Amino acid sequence: MFINASTESISVTTDWTRAPLDRIEALARYPVALIGDIQRRMGMMASAIRPMTRNARFYGTILPILTREGDNLTIHRALDDAVPGDVLVINGNSEVNRAVFGDLLAEICLARGIAAVVIDGAVRDVDEIEGLGLPVFARAVNPAGPSKTGPGTVGAPVACGNVVCNPGDAIIGDRDGIIVVSRDDLVAHATKIVEQEAFEASLRARIRESAQNRI
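1. A short note on the overall build of the protein
On a plain count of helices and strands, the protein comes out with six helices and 12 strands. Relative to the globule expectation of 17 Å for 215 residues, the C-alpha radius of gyration of the protein, 18 Å, shows essentially globular dimensions. For the protein, the C-alpha atoms occupy an extent of roughly 70 × 35 × 25 Å along the three principal directions. Looking at the protein residue by residue over its 215 residues, the buried ones come to 45%. Put simply, 79% of the contacts in the protein that link residues at least 6 apart link residues at least 24 apart. Carbon and sulfur atoms make up 49% of the accessible area of the protein, which totals about 10400 Å². Distance between charge centroids for the protein: 5 Å, based on 22 positive and 27 negative side chains.

2. Observations concerning the pairing of strand S11 (residues 170-174)
Most of S11 is tucked away: five of the five residues are buried. Residues of S11 alternate between two faces, with Ala 170, Ile 172 and Asp 174 on one and Ile 171 and Gly 173 on the opposite face, all of them buried. Pairing between strand S3 (residues 58-67) and S11: four bridges, direction antiparallel. From the neighbouring strand, Phe 58 faces S11, where its bridge partner is Gly 173. Bridge count for S11 against strand S12 (residues 177-181) is five bridges, and the pairing is antiparallel. Counted as the bridge partner of Ile 171 is Val 180 from S12. Connecting S11 to the antiparallel partner S12 that follows it, the hairpin turn spans two residues.

What counts and how
- Residues numbered from 1 in each chain as written.
- Predicted model: local features only at pLDDT ≥ 70, side-chain atom pairs only at ≥ 80, totals over all residues.
- Heavy atoms only, no water.
- Helix = DSSP H or I, 4+ residues; strand = E, 2+ residues; numbered from the N terminus.
- Rg over C-alpha atoms; globule rule 2.2 N^0.38 Å.
- Buried < 20%, exposed > 50% of the residue type's maximum accessible area, 1.4 Å probe, protein only.
- Contact = heavy atoms within 4.5 Å.
- Areas by Shrake-Rupley, 256 points an atom, 1.4 Å probe, with all protein chains shown as cover.
- Lys, Arg positive; Asp, Glu negative; His and termini not counted.
- Charge placed at Lys NZ, Arg CZ, Asp CG, Glu CD.
- Pairing = 2+ DSSP bridges.

Encoded structure:
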């Protein structure tokens, strides 16, 4: 960590497997809404978790974090175990009166190869983070900074935006929102998404043909 603080109050789980990034990337070429259609409209986070940066497109593997509201010690600790392509998915207990993430943590994230940050809580320093180019989704913006005392967990399933997020599963975001996909569904989804896109393309063609026939 880049801060000097005891992490005795933080529980870290490491015995889990990350989904292959190439499989997630293949699915992430499509809009979140389309992925949601083939996933029976399940696994999409609440609209309250919204993009705080213009760069909203991302994909990666879930590194789940549970932190006490208004405290970000667990986030600092989690970054010690992060690998490139991880997305920090943070349950901050929906607290919006104190931010748990800011520009200094964003700098560390970029150095660690973090793909994005998703917070069920608040963020600050949004102009600085915007300049860094790191995609960040959150429930709110608040300038009040966090404490660094814990407790928290890293690597255990968390709830974020009303969705259970398991470690190593896929997560994809764009300006419409965020979807979580089980690592076990990635292969099947790769086929279904092509079929769904073809169906919608055919429907659009029929709609446009019908419009032309009325002219």
